[in-house]
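A look at the structure
Spelled out from the first residue to the last, the chains are:
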Amino acid sequence: MIIDGKQVAAQVRAEVAAAVKELEARGRTPGLTVVRVGDDPASAVYVRGKRKACEEVGIRSVEHHLPATTSQAELLALVRQLNADPSVDGILVQLPLPKGLDESEILDAIDPGKDVDGFHPLNVGALCLGKPAPRPCTPHGVMRLLAEAGCDPKGKRALVIGRSHIVGKPMALMLLEKHATVTIAHSRTADLAAEVARADIVVAAIGKAEMIRGEWVKPGAVVIDVGMNRKPDGKLCGDVEYAAAAERAAAITPVPGGVGPMTIAMLLVNTVELARTRT
Ligand SMILES: Nc1nc(=O)c2c([nH]1)NC[C@@H]1CN(c3ccc(C(=O)N[C@@H](CCC(=O)O)C(=O)O)cc3)C=[N+]21
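Procedures and definitions
Residue numbers restart at each chain and count upward from 1, following the sequence in its written direction. Only residues with pLDDT of 70 or above have their local features reported here, since the model is predicted, and side-chain atom pairs are shown and tallied only from 80 upward, although totals for entire chains, interfaces and linings are computed over all residues. Side-chain metrics rest on all non-hydrogen atoms present in the structure, leaving aside hydrogens and water. UniProt positions are given in the numbering used here, feature names are shortened, and annotations may be inferred rather than shown by experiment. A fitted line through C-alpha atoms represents every axis, and for helices the fit uses only the stretch in contact; the resulting angles, taken between N-to-C directions, go from 0 to 180 degrees. Numbering of helices and strands starts at the N terminus; helices are DSSP runs of H or I of at least 4 residues and strands are runs of E of at least 2. Reported orientations rely on four angle classes, namely roughly parallel under 35 degrees, roughly antiparallel over 145, roughly perpendicular from 65 to 115, and oblique for the rest. The contact criterion used is simple: two residues touch if any of their non-hydrogen atoms lie within 4.5 Å. Under the grouping applied here, Gly and all other residues not named as nonpolar or charged are polar, the nonpolar ones being Ala, Val, Leu, Ile, Met, Phe, Trp, Tyr, Cys and Pro and the charged ones Asp, Glu, Lys and Arg. Note on definitions: salt bridges are taken to be side-chain nitrogens of Lys or Arg within 4 Å of carboxyl oxygens of Asp or Glu. Exposure categories follow from relative accessible area, calculated using a 1.4 Å probe and restricted to protein chains: below 20% of the type maximum is buried, above 50% is exposed, and the middle band is partly exposed. Here a polar contact is recorded for every N or O atom pair within 3.5 Å, except that within protein the pair must consist of a potential hydrogen donor and a potential acceptor, and residues adjacent in sequence are included only if both atoms are side-chain atoms.

The chain has the name Bifunctional protein FolD in an unreviewed UniProt entry, where Anaeromyxobacter paludicola is given as its organism. In its Pathway (unreviewed entry) section, UniProt records this for the chain: "One-carbon metabolism; tetrahydrofolate interconversion."

Structure below.
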C-alpha cells in the first residue's frame with residue numbers, strides 16, 4: 001500500500017478550511033507570518049508552498065523577506081515586533097538561517113504561544129511531558145499518516161533514524177506517547193541494517209539519498225520516508241530505496257508526495273489551533 005500524502009494533506013486542509021470558517025464567523029481570521037532570511041532557493045520554494053496552502057484554506061499569510069546580511073539584533077527585533085502584534089497568531093522562522101545568525105537564540109525569542117513549529121524549548125518540554133502544545137509539523141504529519149494507514153504504534157517496535165531537533169527527537173517522543181517501543185538510530189549506530197530488520201515502523205530522517213536498503217525492511221513493516229534529497233539528475237528522492245522497500249513493506253510513503261505535503265498541512269492545523277487558543 002502506498003500512503004498518499006498529497007491526498008491525506010488535502011483532507012487535512014479541508015478540515016482546516018472548515019475550522020477557519022468557524023473562527024471567521026467569530027470575527028477572527030487566523031494569521032501566519034513567515035520570516036525568510038537570505039536567498040536559499042529551497043527555502044523560497046517551501047515558503048511559496050506554505051503561502052499557497054494558507055490562501056487555499058483562508059488563513060491570512062504574511063511573509064517578511066530579509067536580506068542575507070541581516071544582523072542577529074535586527075532579526076530579534078522583528079521577532080519581538082511580531083510577538084507583540086495581535087494580528088499574528090503564528091510565527092515561523094524558515095530554517096536554515098544564513099551562517100552567522102544564532103538559530104537557537106532566535107527560536108527562543110518566539111512567543112511560545114505563537115510558535116507554529118513547536119521548536120521553542122517550552123513547547124519541546126511540553127511535548128516531552130505529554131502536555132498540550134504545538135507539535136513540530138513534520139513528525140505531527142507522520143503520526144497522521146500512520147493513523148490513515150491504519151497503523152497503531154501501540155506495542156510496536158518503532159525505529160526513528162535521525163536525531164534532529166526538528167524531526168528525529170520529537171518523532172521519537174510522539175511514537176512513545178502512542179506506546180510504541182522506540183529506538184533512535186543515527187550516524188554512530190553500529191548495525192543499522194539489523195535495527196531496520198526488526199522494526200515494525202521505520203521513520204527515516206537522515207538526509208542521505210536511498211541509504212536505507214529495501215532488503216533490510218522487515219516484511220509487513222510500515223515505512224515513512226522523511227528524506228528530501230536531490231539526485232544528480234535533479235529528481236527528488238527519499239532516504240529509503242523506495243521500489244525495493246515497497247516490495248516488502250505493508251505500507252510506505254513516496255517522495256515526493258508523502259511526508260512533505262503533510263508538513264505544510266500540519267502547519268495550517270497548528271496555526272488554527274494557536275488562533276483558537278488566543279480567542
Ligand atoms: N521553520 C521551519 N519549519 C519547517 O517546517 C521547515 C523549515 N523551517 N525549513 C525547511 C523544512 C523543509 N520543509 C518542507 C515542507 C514541504 C515540503 C514539500 O511539500 N515537499 C514536496 C515536494 C516539493 C518539491 O517538489 O520540491 C513533497 O515532498 O511532495 C518539503 C519540505 C519544511 N521545513
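1. A few points about the packing of helix H1 (residues 5–25) against helix H6 (residues 137–148)
Two elements in contact, H1 and H6, have axes separated by 11 Å at closest approach and are oriented at 105°. Relative to H6, H1 is oriented roughly perpendicular. Mapping the contact onto sequence places Gly5, Val8, Gln11, Val12 and Glu15 in H1 and Arg144, Leu145 and Glu148 in H6. A per-class count over the contact of H1 with H6 returns three nonpolar, two polar and three charged.

2. Notes on the pattern of salt bridges
Taken as a whole and judged by the stated rule, the model has 14 salt bridges. Between Glu56 and Arg13 there is a salt bridge whose closest N-O contact spans 3.1 Å. Of this pair, Glu56 sits in helix H2 (residues 41–57) while Arg13 is found in helix H1, placing the two residues 43 residues apart along the sequence. Residue classification places Arg13 among the buried positions, given a relative accessible area of 19%. Across the pair Arg51 and Glu63 runs a salt bridge whose closest N-O atoms are separated by 2.5 Å. Highlighted residues: Arg51 in helix H2 and Glu63 in strand S2 (residues 60–66), separated in sequence by 12 residues. By sharing partners, the salt bridges in this structure join Glu15, Arg144 and Glu148 into a single network.

3. A short note on the side chain of Arg28
Relative to the helices and strands, Arg28 is located in the loop between H1 and strand S1 (31–37). Since its relative accessible area comes to 14%, Arg28 is described here as buried. Within the structure, the side chain of Arg28 is placed 2.6 Å from the side chain of Asp89, a separation counted as a polar contact.

4. Details of unusual backbone geometry
In the segment running from Leu95 into Pro96, the intervening peptide bond is cis, with an omega of 0°. You can see Pro96 is positioned in the loop between strand S3 (90–93) and helix H4 (103–109). In this structure, His179 is a non-glycine residue whose phi angle is positive, near 70°. Relative to the assigned elements, His179 resides in the loop between helix H7 (168–177) and strand S5 (181–185). For His179, a relative accessible area of 53% gives the class exposed. Of note, the phi angle at Glu210 is positive, near 50°, even though the residue is not glycine.

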